[in-house]
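Examination of the molecular architecture
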Amino acid sequence: MEVPFIDSHTGGEPTRVLDFPFDLGGGSLFEQREVFKTRWDHIRKAACNEPRASDTVVGALLVPPTDPACVSGVIFFNNVGVLGMCGHGTIGVIRTLQTLGRIEPGTHLLETPVGTVTTTLHADGRVTVQNVPAYRHLRQVQVKVPGHGTVTGDVAWGGNWFFLIQDCPIAVEFSQLEALTEFTWKVRQALQEQNITGKDGALIDHIEVFGPAETADSRNFVLCPGKAYDRSPCGTGTSAKLACLQADGKLQEGQVWKQESIIGSVFEGSYQLTRGQVIPSITGQAFINMRGVLILDEMDPYCWGIGQ
Ligand code: PYC
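We now turn to the structure provided with this report. In this text the structure is predicted, and so the values were computed from the model without any measurement. Per chain, the residues get numbers from 1 upward, laid out in the order the sequence is written. Only residues with pLDDT of at least 70 get local features here, since the model is predicted, and only at 80 or more are side-chain atom pairs given and counted; chain-wide, interface and lining totals rely on the full set of residues. Water and hydrogen atoms play no part in the side-chain values, which are based on all heavy atoms of the structure.

1. Section: the environment of threonine 128
Here threonine 128 is to be found in strand β7 (residues 126–130). Throughout, exposure labels follow a simple rule: accessible area from a 1.4 Å probe, protein chains only, divided by the maximum for the residue type, with under 20% read as buried, over 50% as exposed, and the rest as partly exposed. Owing to a relative accessible area of 14%, threonine 128 belongs among the buried residues under this scheme. Here the alpha-carbon distance between threonine 128 and phenylalanine 267, two residues 139 residues apart in the chain, equals 9.6 Å. Contacts between residues were defined by any pair of non-hydrogen atoms, one from each residue, lying within 4.5 Å. If sequence neighbours within four positions are ignored, threonine 128 has contacts with Thr118, Thr119, Thr120, His122, Ser281, Ile282 and Thr283. Secondary structure is summarised from DSSP: a helix means a run of H or I of at least four residues, a strand means a run of E of at least two, and numbering begins at the N terminus for each.

2. Points about the pattern of salt bridges
Salt bridge, as applied in this entry: a Lys or Arg side-chain nitrogen positioned within 4 Å of an Asp or Glu carboxyl oxygen. A full pass over the atoms with the stated rule returns 13 salt bridges. Residues aspartate 41 and lysine 45 are paired through a salt bridge, measuring 4.0 Å at the closest nitrogen-oxygen approach. Of this pair, aspartate 41 and lysine 45 both sit in helix α2 (residues 41–48), four residues apart, roughly one helical turn. Look at lysine 45 and you get partly exposed, because its relative accessible area is 26%.

3. So, helix α3 (residues 87–99)
Think of an α-helix as 3.6 residues a turn; residues three or four steps apart then line up on the same face. Here α3 spans 19 Å end to end across 13 residues, near enough to the 18 Å set by a 1.5 Å rise per residue. Along α3, the residues that are buried comprise Gly87, His88, Gly89, Thr90, Ile91, Gly92, Val93, Ile94, Arg95, Thr96 and Leu97. Directly after α3, the chain includes glycine 101, whose backbone phi takes a positive value near 80 degrees. Multiplying 1.5 Å by the helix residue count minus one yields the expected span of that helix.

Here it is in structure tokens:
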């Protein structure tokens, strides 16, 4: 089996777009994601894990949209499972659709398992994603983290579930990657052990910490579900941050928030209030950097990847 792919990176974070007609049963995007999870999980593993990829790669499967107003549907996944939305990934998908000749600069709707997002491909290649509504679910929650005492953070939704820590005990600097990974992983485990969840018991699988930045409003470090850190400022994480800033009265509608990533790439975020809901907009840039085919040879003992 051969599956064509196009790779891009958005602010340093890779997106691997797969363009192949897997049979997903044709239900809603949410239902199709469930089918992908149960019937095609080996494809996720093959596309995102070693030896073809690594834990940083976010996969994006293009699927026909159920809503004809949308240019495409997309199911995001990574080295350990499927995602709800993905901000950097959406920016990569839009640039990929442009490279495939399927869209031109302008506004395009994209269907995801957690809702339809509105994207704008600008003439200079930047992409703005108007995300699904973001909100803060819990404010200033305390969690006991072994070796770090009590850590306080907000639980917010930005298309995925985040625990956002404003006062990080570790400097949010590139030189501290290992310590930040270890700390945030412990936070994630502690949240699970202490039964602190998103809405309806949802697993909080992204941890985001903040520190000062010289040329942006803030620098973040985001731990992704599979323990890799986001090289980009994380579109869904920035959306969750905007919801918290709005709830705290620290950012006005339309005001721009510059979120820098741990490697120095920047997203510009702002929000619009629609019927009381925070609708985040995230702008960033992706570059196409590879295209090819996944060759899936069942004789290869590592055909379906190493690990999960
Ligand atoms: O940009 O939303 C994002 C994202 C989620 C996981 C990695 N990147």
